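Examining the three-dimensional arrangement
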Amino acid sequence: MDTKALRQKILDLAIRGKLVPQDPNDEPASVLLERIRAEKQQMVKDGKLKPKDIKNDTVIFKGDDNLHYEQFADGTVKCIEDEIPFELPDGWEWCRLKDLFDIGSSKRVLQSDWKESGVPFYRAREIVKLSDNGYVDNELFISEEHYKKLSNEYGVPKAGDLMVSGVGTIGKTYVVKENDKFYYKDASVLCFSKKYDYLSSKFYRFVLESNFLRQQMNEGSKGTTVDTITISTASNYLVVLPPIKEQNKITNMVIQYLEFVDSIHDSKEQLSLLIRNTKFKILDLAIQGKLVPQDPNDEPASVLLERIQAEKEELIKQGKIKRDKKESVIFKGDDNSYYEKIGDEITCIDDFLPFDIPDTWTWTRLKNIGDVIGGGTPKTNNHNYWDGEIPWVTPADLSGYNNMYIAYGSRFITELGLKESSAQLLPKDSVLFSSRAPIGYIAIAENAIATNQGFKSVSPYISGISEYLYFCLKRCTDDIIQRASGTTFKEISGSEMSETLVPIPSLNEQKKIVNLISDLFAAINNVEASLN
């Protein structure tokens, strides 16, 4: 279930008046608007507002031809039917946001006035966090004295005001609470001040979060480098005005529904986490030899490794790969401990082995069962290198890719591009493993394929072990990430990848493991698909 879409559907029904039934006895919204206009006129007379503050106020009405019109302060009238997205229930009205709220921002606070303690000072990012989580671990403050001066001379947010993020992630809304005390950054945060008791701040938060308002915000920010809401664009947002009693009824109903949606989302997240953990546990049991029973008649893994080593020696003789200067052999001693021989040096490696394996299995380094190969990118400004017939894959091609095998990515290179770059043509059944940004995307080459430099792929020395290696590396990804290095982003080097310890069962048991994992994952994936 798409809980985000469900949430938007609830808000959509709310602002269309379809969430709760209308009560014909409710005071119509037209009366509220008349009262607001009268109060504004009185505030001008009392000096609380200036004439310029209401000179742009308009009246939206429906004409005898059933079309919507907007009357401006100078008496001109404009048809705005193309702005009206849906019909309103009886008793509701269309208006501009400025008709209901005082749209403004703050007095500028210089960066030199920021403090490490005092009264919280919110930027757009803090408003986003408050909107999403209801709290924020604030890092910027202004002094108490500065806050009092701003409060006395310019005013500060009051309970019921709507604080709206105006740059970056625009339109995130926080309703100021009774005991809130903070100031905010000019331009990046807007304050929709609530001046009238017959408006529900929570209802208008839901209005601002609806797709109808989101669309207006996005349209209004077009042409800017960074998404931005200005005071002038926000003032002219088209909004609905229901009767005040209905505003409260809708708000209560939306809160109930959204709590239900949140519980669905939480349950879905918990189930998704359970699925991920279950898959990991299956892989964990598999590479420990605990997923399928061992067959004493199977060829021992040591014999398989000897056959792999013979194939590797043949490739070295043919000049296709180079001999490793630090070739290693891992074996089990008479004392039941594991040892690694590199040249003439023998070292006990028990402390480096993550778990026990069956007696018929053995440990080896990744470099002993396959050639670890990097990749490269031909120069992008040379068209002779691109749009050829060689599939070329990047980590981005594996983002969200769940199949075991991959035949091609989004781009292809030419033979010349392959030759003139560090990209290499990996043979069919090579195991592609992304080595950075991020580490751990994995797939098996369905055919000959090339990759960019974001991979340390493994080309097995013999056929038939790629699928087991695929699942084994999936399970070992966390360990590989731990051994990665780098400051800007973590990357596993080819030499470090080569040293990855791999538990090896017989070829027959590998096939059994792969088949069972595939069956279990398919069943789990069906459950996961049903969630969506």
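As a convention, each chain's residues are numbered from 1 in the sequence order in which they are written. Totals for whole chains, interfaces and linings use every residue, but because this is a predicted model, local features are given only for residues with pLDDT of at least 70 and side-chain atom pairs only at 80 or more, for both listing and counting. The side-chain values count all of the structure's non-hydrogen atoms but skip hydrogen atoms and water molecules.

1. Things to note about the overall build of the protein
The numbering of helices and of strands both runs from the N terminus, where a helix is a DSSP run of H or I of at least 4 residues and a strand a run of E of at least 2. Counting its regular elements, the protein contains 15 helices and 25 strands. Throughout, the radius of gyration refers to the C-alpha atoms, and the reference size of a globule is 2.2 Å times the residue count to the power 0.38. By the compact-globule yardstick of 24 Å for 532 residues, the protein is too spread out, its C-alpha radius of gyration being 33 Å. Relative accessible area decides the class of each residue, using a 1.4 Å probe on protein chains only: under 20% of the type maximum gives buried, over 50% gives exposed, and in between gives partly exposed. Every one of the 532 residues in the protein was classed for burial, and the buried ones make up 46%. In the protein, the proportion of contacts linking residues at least 24 apart, taken out of those at least 6 apart, comes to 70%. In short, Shrake-Rupley with a 1.4 Å probe defines the accessible areas, and a residue's cover is counted only from the protein chains shown. Summed over its atoms, the accessible surface of the protein is roughly 28200 Å², and 49% of this surface lies on carbon and sulfur atoms. The centroid of the 67 positive side-chain charges in the protein is displaced by 4 Å from the centroid of its 80 negative side-chain charges. Should any heavy atoms of two residues lie within 4.5 Å, those residues are counted as being in contact. His is not counted, nor are the chain ends; Lys and Arg add positive charge and Asp and Glu add negative charge. To locate a charge, the coordinates of NZ of Lys, CZ of Arg, CG of Asp or CD of Glu are taken.

2. A closer look at empty space enclosed by the protein
Here a cavity denotes a set of grid points, spaced 1 Å apart and computed over the protein atoms alone, in which a 1.4 Å probe fits but from which it cannot get out, and a pocket denotes an open set meeting protein on both sides within 12 Å along at least five of seven lines; residues with an atom within 4 Å of a point are reported as lining. Grid points are joined across faces, edges and corners, and a volume is the space filled by probe spheres set on the points. Tallied over the entire structure, the rule returns one cavity of 30 Å³ or more. Its boundaries defined by the atoms lining it, the largest cavity holds a volume of some 40 Å³. Lining the largest cavity are Gln294, Asp295, Asp298, Thr360, Trp361, Ser506 and Glu509. Looking at side-chain class alone, the lining of the largest cavity contains one nonpolar, three polar and three charged residues. Classification convention: Asp, Glu, Lys, Arg as charged; Ala, Val, Leu, Ile, Met, Phe, Trp, Tyr, Cys, Pro as nonpolar; all other residues, Gly among them, as polar.

3. Side note on the environment of lysine 78
On the secondary structure map, lysine 78 appears in strand β3 (residues 77-79). Placed 18 residues apart in sequence, lysine 78 and isoleucine 60 show a C-alpha to C-alpha distance of 9.5 Å. Discounting chain neighbours no more than four positions away, the residues touching lysine 78 are His68, Tyr69, Glu70 and Phe72.

4. Topic: the nonpolar core
Judged by nonpolar contacts, the single largest core of 54 residues is most densely connected at Leu366, Ile369, Leu473 and Ile517. Elements with a minimum of two residues in this core: α9 (244-287), α10 (301-317), β21 (431-435), β22 (439-445), α13 (466-482), β25 (501-504) and α15 (507-531). Per element, the largest residue contribution to this core is eight residues, and it comes from α13. Not counting residues within four places of it along the chain, the set of residues in contact with isoleucine 369 comprises Leu305, Ile308, Thr364, Pro460, Tyr461, Ile465, Leu469, Val502 and Ile504. Remark: nonpolar core denotes a set of buried residues (Ala, Val, Leu, Ile, Met, Phe, Trp, Tyr, Cys) joined through side-chain atoms within 4.5 Å. Residues Val20, Phe101, Ile103 and Val254 belong to the second largest nonpolar core, which totals 50 residues.

5. Structural notes on the packing of aromatic side chains
The criterion for an aromatic pair is that two Phe, Tyr or Trp rings (for Trp, the six-membered ring) have centres within 6.5 Å, with stacked assigned to planes under 30 degrees apart, edge-to-face to planes over 60 apart and tilted to the rest. Enumeration over the complete set of coordinates arrives at 16 aromatic pairs. Centre to centre, the rings of tryptophan 114 and phenylalanine 121 are 5.9 Å apart; their planes meet at 45°, and the pair counts as tilted. Classification of tryptophan 114 by relative accessible area gives partly exposed; the value is 22%. Since its relative accessible area comes to 0%, phenylalanine 121 is described here as buried. Relative to phenylalanine 471, the ring of tyrosine 470 has its centre 5.1 Å away and its plane inclined at 75°; by these criteria the two rings are edge-to-face. What links up through ring pairs into an aromatic cluster is the set Phe86, Trp94 and Phe212. Taking NZ or CZ as reference, lysine 279 lies 5.3 Å from the ring centre of phenylalanine 521, over its face. Criterion for a charge above a ring: Lys NZ or Arg CZ within 6 Å of the ring centre, and within 35 degrees of the ring normal. The ring of tryptophan 386 has arginine 411 sitting right over it, with the charged end atom 3.9 Å from the ring centre.

6. Description of the pairing of strand β11 (residues 189-194)
Among the six residues of β11, five are classified as buried, and the element is accordingly described as predominantly covered. Strands pair, by our definition, only if DSSP identifies at least two bridges between them. Here strand β5 (residues 101-104) runs beside β11; their pairing, made up of four bridges, is antiparallel. Paired with phenylalanine 101 across the strands is lysine 194, a residue of β11. Bridge analysis of strand β8 (residues 162-165) against β11 gives four bridges, and the strand direction is antiparallel.

7. Remarks on the side chain of serine 201
Looking at the element boundaries, serine 201 is found in helix α6 (residues 201-209). Looking at serine 201, the relative accessible area reads 8%, which means it is buried. Polar side-chain contacts of serine 201 include one of 2.5 Å to the backbone oxygen of glycine 160. The residues contacting serine 201, other than those within four sequence positions of it, are Gly160, Leu162, Val175 and Lys194. As used in this structure description, the phrase polar contact means that two N or O atoms lie within 3.5 Å; if the pair is within protein, one of them must be able to donate a hydrogen and the other to accept it, and residues adjacent in sequence are counted only when both atoms belong to side chains.

8. Description of a negative patch on the surface
Side chains of Glu259, Asp262, Asp266 and Glu269 sit close together on the surface and give a patch of like negative charge. Within the secondary structure, glutamate 259 is located in helix α9. The class for glutamate 259 is exposed, based on a relative accessible area of 52%. Patch membership requires more than 30% relative accessible area and the absence of a salt bridge. Residues of like charge join within 9 Å; the nonpolar side chains Val, Leu, Ile, Met, Phe, Trp and Tyr join within 5 Å. For this document, the term salt bridge refers to a Lys or Arg side-chain nitrogen within 4 Å of an Asp or Glu carboxyl oxygen.

9. Overview of unusual backbone geometry
Where the residue is not glycine, phi is negative for most of them; where a peptide bond is considered, it is trans in most cases. Proline 438 follows alanine 437 through a cis peptide bond whose omega is 0°. Relative to the helices and strands, proline 438 resides in the loop between β21 and β22. Although it is not a glycine, asparagine 66 sits at a positive phi angle of roughly 70°. Residue alanine 187 is not a glycine yet carries a positive backbone phi of 70°. Here alanine 187 shows up in the loop between β10 (183-184) and β11. A relative accessible area of 47% means that alanine 187 is categorised as partly exposed.

10. Overview of α6
Counting buried residues in α6 gives seven out of nine residues, a clear majority hidden from the surface. For α6, the set of buried residues is Ser201, Phe203, Tyr204, Phe206, Val207, Leu208 and Glu209.

11. Describing the sheet that holds β5
Remark on secondary structure: sheet strands pair via backbone hydrogen bonds, oriented parallel or antiparallel. In space, the four strands of this open sheet follow the order β5-β11-β8-β9, with antiparallel pairing throughout. Every interior strand has two partners, whereas the edge strands, β5 and β9 (173-175), have only one. Each adjacent strand pair in this sheet contributes to an overall mean axis angle of 20°, direction not counted. Summarising the sheet, β8 and β9 pair through three bridges and their orientation is antiparallel. Within the sheet, the bridge partner assigned to methionine 163 lies in β9 and is tyrosine 174. Its contacts with the sheet place helix α4 (residues 124-133) against β8, β9 and β11, and it is angled at close to 120° to β8. Only the stretch in contact is used when fitting a helix axis, every axis being a line fitted to C-alpha atoms; angles between N-to-C directions are given from 0 to 180 degrees.

Purely geometric numbers; function is a separate question.
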